[in-house]
Amino acid sequence: MEDSFQKTNHDIPESTDSKMGQSEDDLTDDERALPLRDFYPYIRCSLCNGFLIDATTITECLHTFCKSCIVKYFFYSNRCPNCAIVVHQTQPLYNIRPDRQLQDIVYKMVPRLEELERKSMIEFYKERGLEVPKTVAVQSAVQTKAPKGQKFSVPQSVFSIPTELDVSLMLEFVGAEEGIGNYKPLERKYVRVSGEATIRHVELFIRRKMELTQSCQVDVVCGEQLLERCRSLREVRSSVGQSALQDGLLVLHFGLVLSD
């Protein structure tokens, strides 16, 4: 079903390749106009080469695809199409999540994409005599043109930013690149979690992934701070500032203290 909707993004006119749907008169002196094509690596699906529809992210590596594309891909593989990391040994669909924030950005950057997608979905249901879901019919697909002299206003998307999974982590194992003793760096060091999770949850995650015994102590550091286990990730992110962020990821270093 989703596959029939997705193809609408290939019908976006070439004119969208100019300045993200804005005319030169709409831009202030402080704004720099960039061609939409400069953002293609971030807003297009590498599987279908179309603009992202129902953006869905793999939690193990944070690569994003159209939902229908990645679901079909996982029928035949359990690895990420981009980096080849094993998403899940048997059920890769367990480790994907909707990325509503990114989808909002795509809809705002590409003129008429959301309108065409919604119209295609409505036609799909009507042609098959099915009831149009309320989430599709919430907003009319027909948009009126802004009066002359007024800036074009992009309609508010029906998608909302989820409260869960709002912190992206990069977990770095302190020590030699090859690991310490029998302990090796995490195969999957990128994790997306709720900001309500604590450093204790991170420690438990590391213990489980590395199969550590209780005699092995795990210390988690952000910047130059040794983090207390009771602190939430949202608190850590707000307190350390941009110095501990790398490409939007909160970088946490962890080390192991081995008992004699």
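Please refer to the structure higher up on the page.
The structure reproduced in this document is the subject of the present report. (Residues numbered from 1 in each chain as written. Predicted model: local features only at pLDDT ≥ 70, side-chain atom pairs only at ≥ 80, totals over all residues. Heavy atoms only, no water.)

Observations concerning the overall build of the protein
Then, in step 1: Summing up its helical and strand segments, the protein has 8 helices and 9 strands in all.
Then, in step 2: Accessible area for the protein stands at about 15800 Å²; split by element, carbon and sulfur atoms hold 49% of it. (Helix = DSSP H or I, 4+ residues; strand = E, 2+ residues; numbered from the N terminus. Areas by Shrake-Rupley, 256 points an atom, 1.4 Å probe, with all protein chains shown as cover.)

Side note on helix α7 (residues 199-210)
Then, in step 1: Taking 1.5 Å of rise per residue, the 12 residues of α7 would be expected to cover 16 Å, and the 16 Å separating its terminal C-alpha atoms lies within 8% of that figure.
Then, in step 2: Taken together, the buried residues of α7 touch β4 (167-173), β6 (217-222), α8 (233-240) and β9 (249-257).
Then, in step 3: Backbone geometry just downstream of α7 places Glu 211 in the positive-phi region, at approximately 55 degrees. (Expected span 1.5 Å × (residues − 1). Contact = heavy atoms within 4.5 Å.)

Considering the sheet that holds strand β2 (residues 64-66)
Then, in step 1: Read from one edge to the other, the open sheet built from 3 strands follows the order β2-β1-β3, with strand pairing classed as antiparallel. This sheet does not close on itself; its edge strands, each paired only once, are β2 and β3 (96-98). The sheet shows a mean angle of 35 degrees between the axes of neighbouring strands, taken without regard to direction.
Then, in step 2: Pairing analysis gives 3 bridges linking strand β1 (residues 55-58) to β2, with the strands arranged antiparallel. Paired with Thr 57 across the two strands is Thr 64, which belongs to β2. (Pairing = 2+ DSSP bridges. Axes fitted to C-alpha atoms, helices over the stretch in contact; angles between N-to-C directions.)

Notes on the environment of Tyr 42
Then, in step 1: Positionally, Tyr 42 belongs in helix α2 (residues 40-43).
Then, in step 2: Considering only alpha carbons, one finds Tyr 42 and Leu 52, 10 residues apart in sequence, at a separation of 9.1 Å.

Things to note about the pairing of β4
Then, in step 1: β4 sits mainly inside the fold: 6 of its 7 residues count as buried.
Then, in step 2: Examined bridge by bridge, β4 and strand β5 (residues 190-193) share 4 bridges and lie antiparallel to one another. Of the residues in β5, the one forming a bridge with Met 170 is Tyr 190.
Then, in step 3: Judged from the 5 bridges that link them, β4 and β9 form a sheet pairing that is parallel. In the strand pairing of β9, Met 170 is matched with Val 251. (Buried < 20%, exposed > 50% of the residue type's maximum accessible area, 1.4 Å probe, protein only.)

Some remarks on unusual backbone geometry
Peptide bonds are trans in most cases, and residues, glycine excluded, mostly fall at negative phi.
Then, in step 1: You will see that Asn 49, though not glycine, has its phi angle at about 65 degrees, which is positive.
Then, in step 2: On the secondary structure map, Asn 49 appears in the loop between α2 and β1.
Then, in step 3: Its relative accessible area of 48% is what places Asn 49 among the partly exposed residues.
Then, in step 4: The phi dihedral of Asp 54 falls on the positive side, at around 55 degrees, and the residue is not glycine.
Then, in step 5: Considering the arrangement of structural elements, one finds Asp 54 in the loop between α2 and β1.

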